[in-house]
Amino acid sequence: MQVLVDGRSRAEVIAGLCGELGGIAHSTDTRKLRTKSRDRFTENPALRGLLRGRNAEIFIAPRDKDELRTAVAACARHRVPITVRGAGSGQFGQGVPLNGGAVIDVTALTGVIGWHGEHGRRLPTTVRARTGTVVADIDATIRPSGWELRMHPSTAQRATVGGYIAGGHAGIGSCQWGILRDTGNITALEVMTVEEHPRLIELRGRDVNSVHHAYGANGIITEVELPVAPAWEWHELVITFPEFEQAARFSVDICHSDGVLKKVVSPHAHPLPRYFPGLAGLVPDGEAMVLLMAAVQSVTEVEDLVRANGGRIRYRCLEGKGAYGVPLYEFTWGHSLLHYQRHDERLVGLMALYPTTDLYESIVRVHREFADLGPLHVELKRIDGGVSCQGSPVFAFESRAHLAEVTERLQRAGLSVANPHTPVLGAGGMKPWGPKEASFKREFDPYGLLAQGKLDDVVATELRTSTALPNNGWSYRLTG
Ligand SMILES: Cc1cc2nc3c(=O)[nH]c(=O)nc-3n(C[C@H](O)[C@H](O)[C@H](O)COP(=O)(O)OP(=O)(O)OC[C@H]3O[C@@H](n4cnc5c(N)ncnc54)[C@H](O)[C@@H]3O)c2cc1C
C-alpha cells in the first residue's frame, strides 16, 4: 500500500482525514466514489479506456464556505490530493481525480450574492455568485432587470459558474463578446488557498486569467464576478443552405456585421443535421444548416443576409420555445458532439482554431480538403478582437496515431490545433502556463495537492505520454 505522510498507509491517512471532518458530509462508499470521479470524458472514445478506474478515495460535500475551509485545511494537514467538482460536465477528464485523494463537491455553495442592478439605482455592471451556482440560475435571477451574462456554456442548465471558469473556454455569446479569457470578460475571482489555514484571495484584472481554465490546479474558486449585457429578446433560427460554402459565407458575414446582435452562429455541413433527431424535418436532406440566435431587432438584417447567401429560414421562435423541446443552444458548441456521438459513439473532433485574416477561405478550404475524413462543424467566436471559429471535421476515432495524423493535416492547412483528448493541461494546448500561473500555484497550493495529474507531476508525465498529440496549441495576443 502506498505510503503518504508520516509513514502512514493511504487508508490510514484517509481515516485520519475522515476523523477531522466532523459534521461535514463525506463518503467512502465505492459506488459513490466511482460516480463522483467521472465527468463527461466517458463519452470520448479516445479517453474512455484510459481514464476509467481512476477514482477518489473520499468524497466530501461541504455545505458552505466555512465547511469548505475546514475540509481543505484537513486535506492540507494530511497531504491528501484534491480534485474540486462542480456539475462534472467537463469533457476532457478535467474533473477526474487522477491520483486518488479527495473529490470536493462545491455544488452546495450557491447563490447570487452581489448584483449592482438589484435596487435599480444605477446601471448594472457585474454580477457576483458563489462557485456552485448553476449558470442558468444567474441569468434567471438578473434577467427580470433586463440584464444577463455576456456568455454561457451550452451546458448552462447544469454547469456551475466556478466549473465554467475553471474548465470552460467560451460559448453562447462568444460570437459577440469574445472568449472568457478576453480582457474584461471575467471581472473578479475569489480563490481559496490549500494550506493548513486556507486564505481567501481576491483576484482582479489580468490576474483572473491565471486561474481561469487551469482545471483547478492553482486555487479553489469560491466566488465569481462576471460582467453583464443587455438581455434582448432572443430568437432561435434554423437556417439552411444548399451548399456548405453558402452557410460559411453567411456565418462569417453575420459575425463581421457588428451591428447585428447575435449569440450563436453554428454551421454544420451535411450530413451532420441528420444527427439531431430533435431538428428532424427542418433541414432538407443534403443541405447545410446554421443554428442561430439573434436579437429580435436584428432579425430583418438576418433575413437579408440569409437571402443574399441563398439560404432559407426554416424555423424561428422565441428563445427556449422551440418545438424541439430544449433551448436551441443545446445543439451547439459542446452539445453538438454529444448529439453526433448519440448517432455514432465513435465520432470525435479536434479543437482547431481558424485564422481571423482569411476566415471564410480557411473554413471552405478545410471543408473541401477534409471531405474524405468527415463533415465540418465549427462555432463562430470572437477572440483577441477578431472573428474566428473553432472546430474540425467530425470523424470516427480509430487510434491515437490517426488523431495525430489529422492534427498534423489540420496544422498544415494553417490552423492552430488544441487536443481535447487529454486531461493534461500542457498537452491540451488551450491554456498558457507561464511564470505567473506557476507562482500562483506555489502560493495558493504550496503542497501541490490540487488537480494532481493535470500538471507537471509524475502522473501528468505518464498521462502526457499516452495522450499527447503533435498539436501546436492556441496562443493569445495578451498573456501573463
Ligand atoms: C455537452 C457539453 C457541452 C459543453 N459546452 C461547453 C461550452 O459551450 N463552452 C465551454 O466552455 N465548455 C463547454 N463544455 C465543457 C465545460 O467545461 C462544462 O460544461 C462546464 O463549463 C463545466 O462546469 P461544471 O460545473 O460541470 O464543472 P466540472 O466539470 O465539475 O469541472 C470542470 C473543471 O473545473 C474544476 N473546478 C470545478 N469547480 C472548481 C472550483 N470551484 N475551483 C477550481 N476548480 C474547479 C474541476 O476540477 C475540473 O477540472 C461542455 C461540456 C459538455 C459535456
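Now for a look at the structure at hand. (Residues numbered from 1 in each chain as written. Predicted model: local features only at pLDDT ≥ 70, side-chain atom pairs only at ≥ 80, totals over all residues. Heavy atoms only, no water.)

Considerations on the state of the cysteines
Then, in step 1: Per the counting criterion, the structure on display carries 0 disulfides.
Then, in step 2: Its sulfur unpaired, C389 is 8.9 Å from the next cysteine sulfur, which belongs to C255. (Disulfide = S-S within 2.5 Å.)

What about the nonpolar core?
Then, in step 1: In terms of nonpolar packing, the biggest core is built from 51 residues, with I165, L189 and L203 touching the most fellow members.
Then, in step 2: Formed jointly, this core draws a minimum of three residues from each of two domains, domain 1 (112-230) and domain 2 (234-418).
Then, in step 3: Not counting chain neighbours up to four residues away, the residues in contact with I165 comprise L180, I186, L189, H212, H213, I221, V224 and L226.
Then, in step 4: Core analysis: the next-biggest nonpolar cluster, separate from the first, contains 47 residues, F250, A269, L350 and L410 among them. (Core = buried A, V, L, I, M, F, W, Y, C linked by side-chain atoms within 4.5 Å. Buried < 20%, exposed > 50% of the residue type's maximum accessible area, 1.4 Å probe, protein only. Domains from an automatic or database assignment. Contact = heavy atoms within 4.5 Å.)

Quick word on the packing of helix α9 (residues 244-256) against helix α10 (residues 299-308)
Relative orientation and spacing of two packed helices are given, respectively, by the angle between their axes and the distance between those axes.
Then, in step 1: Here α9 crosses α10 at 145°, and the two axes come no closer than 9 Å. Both α9 and α10 take part in a crossing whose hand is right-handed. In this structure, α9 uses F250, D253 and I254 to contact α10, whose residues at the interface are V302, L305 and V306.
Then, in step 2: Of the residues that constitute the contact of α9 with α10, the class distribution is 5 nonpolar, no polar and 1 charged. (Axes fitted to C-alpha atoms, helices over the stretch in contact; angles between N-to-C directions. Helix = DSSP H or I, 4+ residues; strand = E, 2+ residues; numbered from the N terminus. Left-handed = near helix turned anticlockwise from the far one by under 90°. Nonpolar A, V, L, I, M, F, W, Y, C, P; charged D, E, K, R; others polar.)

Observations regarding the pattern of salt bridges
Then, in step 1: Going through the model one piece at a time under the given rule, you end up with 30 salt bridges.
Then, in step 2: Here R143 ties to E148 by a salt bridge, and the two come within 2.8 Å at their closest N and O atoms.
Then, in step 3: Since its relative accessible area comes to 30%, R143 is described here as partly exposed.
Then, in step 4: Residue classification places E148 among the buried positions, given a relative accessible area of 2%.
Then, in step 5: Put simply, D207 and K436 hold a salt bridge, and the shortest N to O gap is 2.7 Å. With D207 in the loop between β9 (200-204) and α8 (208-211) and K436 in helix α15 (residues 435-444), this pair connects stretches of sequence that are 229 residues apart.
Then, in step 6: For K436, a relative accessible area of 24% gives the class partly exposed. (Salt bridge = Lys/Arg side-chain N within 4 Å of Asp/Glu carboxyl O.)

Some remarks on the pairing of strand β10 (residues 220-230)
Then, in step 1: The element β10 is extensively covered by neighbouring structure, given that 10 of its 11 residues are classed as buried.
Then, in step 2: Sheet topology places strand β6 (residues 126-130) next to β10; 5 bridges connect them, and they run antiparallel. When the bridges of β10 are listed, V127 appears paired with L226.
Then, in step 3: By the bridge criterion, 3 bridges tie strand β7 (residues 147-149) to β10 in an arrangement that is antiparallel. Bridging from a neighbouring strand, W147 pairs with P230 of β10.
Then, in step 4: With 5 bridges connecting them, strand β8 (residues 188-192) and β10 associate as antiparallel partners. Directly across from M192, in β10, lies its bridge partner I220. (Pairing = 2+ DSSP bridges.)

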